[in-house]
Amino acid sequence: MAPNPLLLSSSHTLCHFPIFPKTLTPRSVSPFSCRSSLSHASSPHSDSSSIEPSGTGAAAPTRGDLFLERQQSRSAATVVLKQGKKNSKKKRAAASKLSSAIACCYGCGAPLQTEEMEAPGYVDPETYELKKKHRQLRTVLCGRCKLLSHGHMVTAVGGHGGYPGGKQFVTAEELREKLSHLRHEKVLIVKLVDIVDFNGSFLSRIRDLAGANPIILVATKVDLLPKGTELNCIGDWVVDATIKKKLNVISVHLTSSKSLVGIVGVIAEIQKEKKGRDVYILGSANVGKSAFINALLKMMGEKDPVAAAAQKYKPIQSAVPGTTLGPIQIEAFQGGGKLFDTPGVHLHHRQAAVVDSEDLPSLAPKNRLRAQSFPVLPETRLTFYGPRQLPIHMVPTSEADQFYHRELGISLTPPTGNQRAEAWPGLQVVRQLQINFENRQRPACDIAISGLGWIAIEPFSSHLNADPNGNNEADLKELHLAVHVPKPVEVFVRPPMPVGKAGEEWYEYQELTEKEEELRPKWFF
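Residues numbered from 1 in each chain as written. Predicted model: local features only at pLDDT ≥ 70, side-chain atom pairs only at ≥ 80, totals over all residues. Heavy atoms only, no water.

Bringing the overall build of the protein chain into the picture now. Regarding its fold elements, the protein chain presents 15 helices and 21 strands. Every one of the 525 residues in the protein chain was classed for burial, and the buried ones make up 54%. In the structure as shown, the protein chain presents an accessible area of about 23,800 Å², 51% of it carried by carbon and sulfur atoms. (Helix = DSSP H or I, 4+ residues; strand = E, 2+ residues; numbered from the N terminus. Buried < 20%, exposed > 50% of the residue type's maximum accessible area, 1.4 Å probe, protein only. Areas by Shrake-Rupley, 256 points an atom, 1.4 Å probe, with all protein chains shown as cover.)

Below, the structure written as structure tokens:
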């Protein structure tokens with residue numbers, strides 16, 4: 001007798017799972033359902049102009065100095081133009097302050113200003129004049145950063161790929177523009193990717209930003225992986241996924257900014273590959289760049305007095321995507337070269353781009369991921385890895401729509417509350433997936449939902465699928481999966497990530513030739 005049709009649902013994900021065993025009749029089909037939220041990253045603006053150095057000798061400005069000056073000047077000019085729209089008097093007054101407006105908040109990189117109290121970069125006029133008089137503007141923290149440091153969710157990025165629900169003064173396109181000249185520089189790129197949202201945070205168009213520059217790939221938040229996870233397996237899995245991107249990656253590092261795992265290895269690699277060049281930290285919004293830089297400075301500061309001094313004025317850490325609004329120069333190295341924190345690249349295909357700013361913390365895992373498993377048939381199950389605070393429900397498929405609309409904003413959160421539920425875009429897109437079980441000793445694949453987590457498609461036990469006559473055809477089944485998501489949110493089908501104790505048992509390392517092994521990036525933790 002076929003099992004009852006079921007629904008696996010959260011406010012972000014509804015998936016429908018009809019399973020078609022090749023050896024069974026159509027009457028054995030069991031519909032099963034599940035829903036989620038995603039989008040596509042827009043490409044950054046390209047600019048063919050390059051920055052030419054001025055002057056020669058030891059006192060000449062570096063490429064990094066020129067890059068920072070160019071971006072700050074653009075931001076300052078934008079402030080002047082906006083102020084100039086009010087009236088001609090204010091326009092002349094703003095123009096006279098153009099040079100001083102280049103000074104930026106050390107916490108977020110926004111140009112300091114004294115006009116709009118609720119806008120990024122605002123500083124009390126008296127404080128601004130006092131700091132300016134003593135040439136201490138580099139030590140000023142703007143009002144927005146002070147709120148962020150106390151846990152307030154103050155968004156400042158709007159538009160395509162930005163975030164709704166807060167004060168929006170900068171567009172996502174403007175932030176990308178601030179990185180557009182980087183590919184013309186000779187620098188070292190440290191690219192961060194969130195291991196919990198590997199596909200969603202990878203930056204598919206990273207070549208548009210990094211150019212041909214060497215990349216050190218850093219996977220952050222490995223402390224959130226399920227207990228018992230073998231990092232050797234994870235490192236090999238990350239390298240396999242990275243090779244397919246065809247980037248100039250020289251090494252891969254598994255790190256945790258919270259526990260400081262792997263940070264020393266990244267420092268050693270930077271010192272080895274820097275060769276006097278500036279170092280830029282790149283990554284998607286909310287991938288953990290500021291936390292990573294703080295961990296980097298903390299470890300470097302134990303031996304390097306320059307890095308120790310830099311810790312006094314370090315970038316602000318916040319759960320709000322888009323905390324950093326401009327390049328932040330950090331004096332972190334002895335012997336040449338500077339460290340730059342950069343604005344996060346906003347990706348509108350991630351779950352965070354479609355939720356209210358107040359609901360963003362519920363999408364950020366705070367503890368180790370814990371497997372939440374749901375049976376589909378006696379021999380197959382779905383295991384969700386994502387934030388523990390995200391509620392998951394199983395209901396009959398026939399009741400799916402009714403349950404979803406009744407509980408949205410109540411038990412299915414986020415969105416939280418009726419007002420946010422009414423503004424929720426809904427689940428406009430359906431991804432139809434066909435999953436094949438080629439090896440019943442391991443998961444078939446992961447279904448990764450950008451910015452949310454992933455669902456592992458797993459067999460229960462191989463002995464449950466054995467044919468009594470020794471025919472293994474009974475093991476080969478197809479699972480048809482319908483994933484419903486908001487229009488921007490993206491779904492990825494990928495090889496299963498080997499997490500937990502079981503991951504080490506079923507994961508298989510590739511057999512490589514000596515040449516392949518030599519060309520393959522090494523991983524460290």
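In total, this model carries seven aromatic pairs according to the counting rule given. On the basis of an interplanar angle of 5° and a centroid distance of 4.6 Å, the ring pair of Tyr 280 and Phe 340 is categorised as stacked. Note that Tyr 280 is positioned in strand 10 (residues 279-282) and Phe 340 in strand 12 (residues 339-341), a separation of 60 residues in sequence. By the burial criterion, Tyr 280 is buried, and Phe 340 matches it. Pairing Tyr 385 with Trp 454 gives two aromatic rings, centres 5.0 Å apart and planes at 20°, and the pair type is stacked. With a gap of 69 residues between them, Tyr 385 in strand 14 (residues 380-385) and Trp 454 in strand 18 (residues 453-459) connect regions that are remote in the sequence. Residue Tyr 385 is classed as buried on the basis of its relative accessible area of 8%. Exposure remark for Trp 454: the relative accessible area of 1% places this residue in the buried category. The rings of Phe 198, Phe 202 and Trp 237 are connected pair by pair, giving a single aromatic cluster. The ring of Phe 202 carries the charged tip of Lys 191 above its face, separated from the ring centre by 4.4 Å. A cation over an aromatic ring shows up here: Arg 494 above the ring of Trp 454, its NZ or CZ 5.0 Å from the ring centre. (Phe/Tyr/Trp six-rings, centres within 6.5 Å; stacked < 30°, edge-to-face > 60°. Lys NZ or Arg CZ within 6 Å of the ring centre and 35° of its normal.)

What follows is about the pattern of salt bridges. On inspection of all chains with the given rule, the structure shows nine salt bridges. Close ionic contact of Asp 356 with Arg 420 constitutes a salt bridge, the shortest N to O distance being 3.8 Å. Of the two residues, Asp 356 sits in the loop between strand 12 and strand 13 (372-377) while Arg 420 sits in helix 13 (residues 417-423), which places them 64 residues apart along the sequence. Taking the relative accessible area as the measure of exposure, Asp 356 reaches 22% and is therefore partly exposed. What you see here is one network of salt bridges that share partners, running through Asp 236, Asp 240 and Arg 520. (Salt bridge = Lys/Arg side-chain N within 4 Å of Asp/Glu carboxyl O.)

Let us look at the sheet that holds strand 10. Taken in spatial order, the seven strands of this open sheet run 11-12-10-7-8-9-21, and their pairing is mixed. Two strands in the sheet have a free side with no partner beyond their single neighbour: strand 11 (328-330) and strand 21 (522-524). For this sheet, the mean inter-axis angle between neighbouring strands, taken without regard to orientation, is 25°. Summarising the sheet, strand 11 and strand 12 pair through three bridges and their orientation is antiparallel. What sits directly across from Gln 329, in strand 12, is Phe 340. Contacting strand 8 (215-220), strand 9 (249-254) and strand 21, helix 8 (residues 231-243) crosses the sheet at an angle of about 145° to strand 9. (Pairing = 2+ DSSP bridges. Axes fitted to C-alpha atoms, helices over the stretch in contact; angles between N-to-C directions. Contact = heavy atoms within 4.5 Å.)

Glancing now at the environment of Lys 312. If you trace the backbone, Lys 312 turns up in the loop between helix 11 (305-310) and strand 11. With 173 residues separating them along the chain, Lys 312 and Thr 139 place their C-alpha atoms 9.0 Å apart.

So, on to helix 9 (residues 263-274). The first and last C-alpha atoms of helix 9 sit 16 Å apart over 12 residues, in line with the 16 Å expected at 1.5 Å per residue. Buried residues in helix 9 make contact with strand 7 (188-194), strand 8, strand 9, strand 10 and helix 10 (289-300). Remark: Lys 275 follows helix 9 within two positions and exhibits a positive phi of approximately 50°. (Expected span 1.5 Å × (residues − 1).)

Quick look at helix 10 now. Because an α-helix completes one turn every 3.6 residues, residues spaced three or four positions apart along the sequence face the same direction. Between its first and last C-alpha atoms helix 10 spans 16 Å; for 12 residues at 1.5 Å apiece the expected length is 16 Å, and the two agree. In terms of residue burial, helix 10 counts as a mostly covered element, since 10 of its 12 residues are buried. Three or more residues of helix 10 are buried, namely Lys 289, Ser 290, Phe 292, Ile 293, Asn 294, Ala 295, Leu 296, Leu 297, Met 299 and Met 300.

All right, on to the side chain of Thr 380 then. The topology assignment puts Thr 380 in strand 14. Taking the relative accessible area as the measure of exposure, Thr 380 reaches 1% and is therefore buried. In contact with Thr 380, not counting residues within four places along its chain, are Pro 375, Phe 437, Arg 440, Glu 458, Pro 459, Phe 460 and Leu 479.

A separate point is the sheet that holds strand 18. Taken in spatial order, the five strands line up as 13-14-18-17-20 in an open sheet, and their pairing is antiparallel. Strands with a single pairing partner mark the edges of an open sheet, and in this sheet they are strand 13 and strand 20 (491-494). The average angle at which neighbouring strand axes cross in this sheet is 20°, direction not considered. Across four bridges, strand 17 (residues 445-449) lies against strand 20 in antiparallel orientation. Residue pairing in the sheet places Ala 448 in a bridge with Phe 492 of strand 20.

In this fold, Arg 494 is placed in strand 20. A sequence separation of 48 residues divides Arg 494 from Asp 446, and the C-alpha atoms of the two residues are 5.4 Å apart. Setting aside residues no more than four positions away along its own chain, Arg 494 makes contact with Phe 198, Asn 199, Trp 237, Cys 445, Asp 446, Ala 448 and Trp 454. Looking at Arg 494, its side chain comes within polar contact range of the side chain of Asn 199, at 2.8 Å. (Polar contact = N/O pair within 3.5 Å; in protein donor to acceptor, adjacent residues only side chain to side chain.)

Turning our eyes to something else, we now look at the environment of Ala 353. Note on placement: Ala 353 falls in the loop between strand 12 and strand 13. Distance from Ala 353 to Gly 158, taken between C-alpha atoms, is 9.8 Å for residues 195 residues apart in sequence.

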